[in-house]
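Observations on the model geometry
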Amino acid sequence: MNFNYTEEQLLIQKTAREFAKDHLEPGVIERDETSSFPKLEISLMAELGFMGMMVPQEYGGAGMDAVSYVTALEEIAAVDASAAVIMSVNNSLVSQLIQKFGSEEQKTQFLPDIASAKKLGAFSLSEPQSGSDAGNMRTFAQRINGHYIVNGTKNWVTNGISSGLVILMAVTEKNKGNKGISAFIVEKGLNGFSTGKKEDKLGIRGSDTCEIYFEDCKVPADCLIGNEGDGFNIALGTLDGGRIGIAAQALGIARSALEKSVTYAKDRKQFQKPIGEFGAIQCKLATMATNVDAARLLILKAAHLKDEHKPYSKEAAMAKLFASRIAMEATTDCVQIFGGYGYMREYGVERLMRDAKITQIYEGTSEIQELVVARSLLKQ
Ligand code: CAA
């Protein structure tokens, strides 16, 4: 067992940390307040290779491992959780899906543009009536001659507005349940494809989230990924990787809460001494630090298994379940330590708490992660 990062992983960590400080931190509060997408920042991240980190170099990516990816993602999330989810969806849910399940033509055609963020990717699985019960979707893609006619609505699509292409899960054969679902790559600009308004969210306000609509949208048949009926397995297999990414996002947020709390506990004086000298504050700091380390170990374990091409579904669910829970706890405690100042927007710690909440919801709620872990235990 080796607990050391490689030289390359350390360099990636340093690069991501410096980038986040120099380019994400300056505008992060304003982007949160104005719900502005970090367009320039994402293009700079692409130049550093962060938007296609695990995509092989022959397809325009950085060709790195999952451990490097989660390490960079933690650094980005520690400063800007919105940039982190944009990065996570593009890497985990779009690039990885095409890389693993796409044809050679699809990889050659799409991966370079996604990795360079020329065409940002989005992933559309959920629908108004199907969230956790993802298989209960209604969007229908009917095969007619050399194309599919798609009708339906997808919701909560991260990157939906800024993306150039969307991974679509749709029913191609009714009454077959999960086995009737197929996956497609849909480029923006097709007739009958439109996006809804930008959702007004509690947190990660710099990222865009919207509904997308298909109205008799004609999608070429060669946009099908794999075979008809493979879509549900493709979606869930991809979400395993996505969950490691969201866990790393949660970890970055929690670490930021810890660092801000430690600094504040040393500076802030009450009753003539720094509040860090009070046991009540020390307990919170110690718990936060222990949880942050434990979350990182779970994430690295899942990422390592992915790199080794071993099963990691349970480990990814555990990592997301734990990291998102401790992110919520750490950010709530951080606001508590800051007291009245923490409740004010100016100090930026309430944003951490707002950003943390979504990590317990998207890419499978905490309850779904518990179900995935429990099912895995019970079938052993
Ligand atoms: N990898 C590959 N295949 C998998 C899998 C995995 N991890 N887990 C299950 N499957 C396969 C099963 O083997 C089964 O295939 P077969 O029929 O061939 O045996 C099939 O999928 C159905 O499995 P289940 O019977 O377990 O399916 P289920 O209907 O009971 O649901 C679930 C399983 C775990 C609840 C699943 O629906 C789920 O994960 N729901 C949560 C959905 C989710 O995470 N949504 C996130 C939206 S995307 C998002 O948030 C992105 C964003 O914008 C940030």
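The coordinates are above.
What counts and what doesn't
Residues numbered from 1 in each chain as written. Predicted model: local features only at pLDDT ≥ 70, side-chain atom pairs only at ≥ 80, totals over all residues. Heavy atoms only, no water. Helix = DSSP H or I, 4+ residues; strand = E, 2+ residues; numbered from the N terminus. Rg over C-alpha atoms; globule rule 2.2 N^0.38 Å. Buried < 20%, exposed > 50% of the residue type's maximum accessible area, 1.4 Å probe, protein only. Patch = residues over 30% accessible without salt bridge, like charges linked within 9 Å, V, L, I, M, F, W, Y side chains within 5 Å. Areas by Shrake-Rupley, 256 points an atom, 1.4 Å probe, with all protein chains shown as cover. Salt bridge = Lys/Arg side-chain N within 4 Å of Asp/Glu carboxyl O. Pairing = 2+ DSSP bridges. Core = buried A, V, L, I, M, F, W, Y, C linked by side-chain atoms within 4.5 Å. Contact = heavy atoms within 4.5 Å. Near = heavy atom within 4 Å. Polar contact = N/O pair within 3.5 Å; in protein donor to acceptor, adjacent residues only side chain to side chain. Lys, Arg positive; Asp, Glu negative; His and termini not counted. Charge placed at Lys NZ, Arg CZ, Asp CG, Glu CD.

**Regarding the overall build of the protein chain**
Looking only at helices and strands, the protein chain features 11 helices and 10 strands. The C-alpha atoms of the protein chain give a radius of gyration of 21 Å, which matches the 21 Å a tight globule of 380 residues would have. With respect to the three principal axes, the spread of C-alpha positions in the protein chain is 80 × 45 × 40 Å. Here the protein chain, with 380 residues, has 57% of them falling under the buried criterion.

**Comments concerning a nonpolar patch on the surface**
Side chains of Tyr341, Tyr343, Met344 and Tyr347 sit close together on the surface and give an oily, nonpolar patch of about 470 Å² of accessible area. Position of Tyr347 among the secondary structure elements: in the loop between helix 9 (313–338) and helix 10 (349–357).

**Here's the deal with the pairing of strand 7 (residues 209–220)**
Pairing of strand 3 (residues 147–158) with strand 7, which is carried by nine bridges, proceeds in the antiparallel orientation. The residue of strand 7 that forms the bridge with Thr158 is Thr209. In this sheet, strand 7 lies alongside strand 6 (residues 193–195) in antiparallel orientation, the contact comprising three bridges. Across the sheet, Phe193 pairs through a bridge with Phe214, a residue of strand 7.

**Observations concerning the nonpolar core**
Within the largest apolar cluster, 96 residues are counted, with the highest numbers of intra-cluster contacts made by Ile76, Met87 and Met169. In terms of residue count, the dominant contributor to this core is helix 7 (residues 231–267) (16 residues). Dropping the residues within four chain positions of it, Met87 is found in contact with Met45, Phe50, Met51, Met53, Tyr69, Ala72, Leu73 and Ile76. Formed by 19 residues, the second largest nonpolar core is a distinct cluster that contains Ala122, Ala141, Val150 and Cys210.

**Quick word on the site of the ligand**
Close to the ligand lie 25 residues, the nearest being Ser132, Thr158, Lys179, Arg243 and Arg375. Between the ligand and Asp240 there is a distance of 2.9 Å, counted from a nitrogen atom to a side-chain nitrogen or oxygen. Within the backbone of Gly364, one N or O atom sits 3.0 Å away from an oxygen atom of the ligand. For the ligand, whose unbound accessible area comes to 1100 Å², protein coverage reaches 71%. Considering each element in turn, the shell around the ligand owes the most residues, seven residues, to helix 7.

**A short note on the environment of Lys201**
Looking at where Lys201 falls in the secondary structure, it is placed in the loop between strand 6 and strand 7. With residues near it in sequence (within four places) discarded, Lys201 still touches Ser207, Asp208 and Thr209. Within the local environment of Lys201, its side chain forms a polar contact with the backbone oxygen of Ile204, the two atoms lying 3.1 Å apart. Within the structure, the side chain of Lys201 is placed 2.7 Å from the side chain of Thr209, a separation counted as a polar contact.

**Regarding a negative patch on the surface**
There is a patch of like negative charges on the surface, built from Glu58, Glu104, Glu105 and Asp222. Mapped onto the secondary structure, Glu104 falls in helix 6 (residues 104–115). By relative accessible area, Glu104 is classed as partly exposed at 42%.

Just geometry here; none of it tells us what the structure is for.
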